[in-house]
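Fold and contact review
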Amino acid sequence: YFGSQWWALTGETVEWIINYLGQHEDYYIFYKNTVCPDESFFHTLVMLSPFGDKTTDNLLYQHFQKGANSPDVLTADDLQRAKESKYLVMRKVDMNVDDSFLQI
């Protein structure tokens, strides 16, 4: 399983992961030379856990230009769309580019 490296986990899920990793050192070995482990390490553990069926959509507001590998820096133009969206967190904000986010 894979996905965004931006996520949040419940305390129960974190506890399960810690216990699982304590009992399965081979999991670390598998990921030792993996490309982009931050996009699959925890995702796979969550889906192996009893909590895999309780996942939610990504709650991160971000904007990508077509074909871009990295999201745009958000500006005041994005602020209203972000406020009206279902998303809880905004990525990627840079106060040196646009400090209007300080006015929220």
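For clarity, every value in this text was computed on a predicted model and none was experimentally measured.

This part is about the packing of helix H1 (residues 11-23) against helix H3 (residues 41-48). Orientation of H1 relative to H3, taken along the N-to-C sense of each, is 100°, at an axis distance of 10 Å. As far as their axial angle goes, H3 and H1 are roughly perpendicular. Taking contact as the criterion, the partners of Thr13, Trp16, Ile17, Tyr20 and Leu21 in H1 are, on H3, Phe41, Phe42, Leu45, Val46 and Leu48.

Below, the discussion takes up unusual backbone geometry. Phi is positive for Cys36, close to 55°, though the residue is something other than glycine. Mapped onto the elements of the fold, Cys36 is located in the loop between helix H2 (25-31) and H3.

Bringing the confidence of the model for the chain into the picture now. Within the chain, residue pLDDT values average 87, and 99% of them lie at 70 or more. Element-level pLDDT for the chain is lowest in strand S2 (residues 89-90), with a mean of 80, against a maximum mean of 96 in H1.

Residues lying three or four places apart along an α-helix face the same way, a consequence of the helix completing one turn every 3.6 residues. Taking 1.5 Å of rise per residue, the 13 residues of H1 would be expected to cover 18 Å, and the 19 Å separating its terminal C-alpha atoms lies within 8% of that figure. Residues of H1 that are buried include every one of Thr13, Ile17, Tyr20 and Leu21, and no others. For H1, the buried positions fall inside an angular range of 95° around the axis, keeping them on one side. Exposed and oriented more than 90 degrees from the buried face of H1 are Gly11, Glu12, Glu15, Ile18, Gly22 and Gln23.

Together, Leu59, Tyr87, Leu88 and Val89 give the surface a local cluster of nonpolar side chains, amounting to about 370 Å² of exposed area. Relative to the helices and strands, Val89 resides in strand S2. A residue is classified by how much of its surface remains accessible, and Val89, at 44% relative accessible area, is partly exposed.

Next up on the list: helix H4 (residues 76-84). Regarding H4, the residues found buried are Asp78, Leu79 and Ala82. Buried positions in H4, seen along its axis, are confined to an arc of 115° and lie on one side of it. Turned more than 90 degrees away from the buried face of H4 sit Asp77 and Glu84, all of them exposed.

Quick look at the layout of surface pockets now. Of the voids in this model, the largest pocket is the one considered here, and its volume is about 820 Å³. Along the walls of the largest pocket sit 25 residues, with Trp7, Ala8, Thr55, Thr56 and Asp57 positioned nearest its centre. Elements with a minimum of two residues in the lining of the largest pocket: H1 and H3. Per element, the largest residue contribution to the lining of the largest pocket is four residues, and it comes from H3. Looking at the lining of the largest pocket, its residues break down into 14 nonpolar, eight polar and three charged.

Cut-offs applied
- Residues numbered from 1 in each chain as written.
- Predicted model: local features only at pLDDT ≥ 70, side-chain atom pairs only at ≥ 80, totals over all residues.
- Heavy atoms only, no water.
- Axes fitted to C-alpha atoms, helices over the stretch in contact; angles between N-to-C directions.
- Helix = DSSP H or I, 4+ residues; strand = E, 2+ residues; numbered from the N terminus.
- Parallel < 35°, antiparallel > 145°, perpendicular 65-115°, else oblique.
- Contact = heavy atoms within 4.5 Å.
- pLDDT = per-residue confidence, 0-100.
- Expected span 1.5 Å × (residues − 1).
- Buried < 20%, exposed > 50% of the residue type's maximum accessible area, 1.4 Å probe, protein only.
- Arc of directions from axis to C-beta.
- Patch = residues over 30% accessible without salt bridge, like charges linked within 9 Å, V, L, I, M, F, W, Y side chains within 5 Å.
- Areas by Shrake-Rupley, 256 points an atom, 1.4 Å probe, with all protein chains shown as cover.
- Salt bridge = Lys/Arg side-chain N within 4 Å of Asp/Glu carboxyl O.
- 1 Å grid on protein atoms, 1.4 Å probe; cavity = no way out; pocket = protein on both sides within 12 Å on 5 of 7 lines; lining within 4 Å.
- Points joined across faces, edges and corners; volume = space filled by probe spheres on them.
- Nonpolar A, V, L, I, M, F, W, Y, C, P; charged D, E, K, R; others polar.

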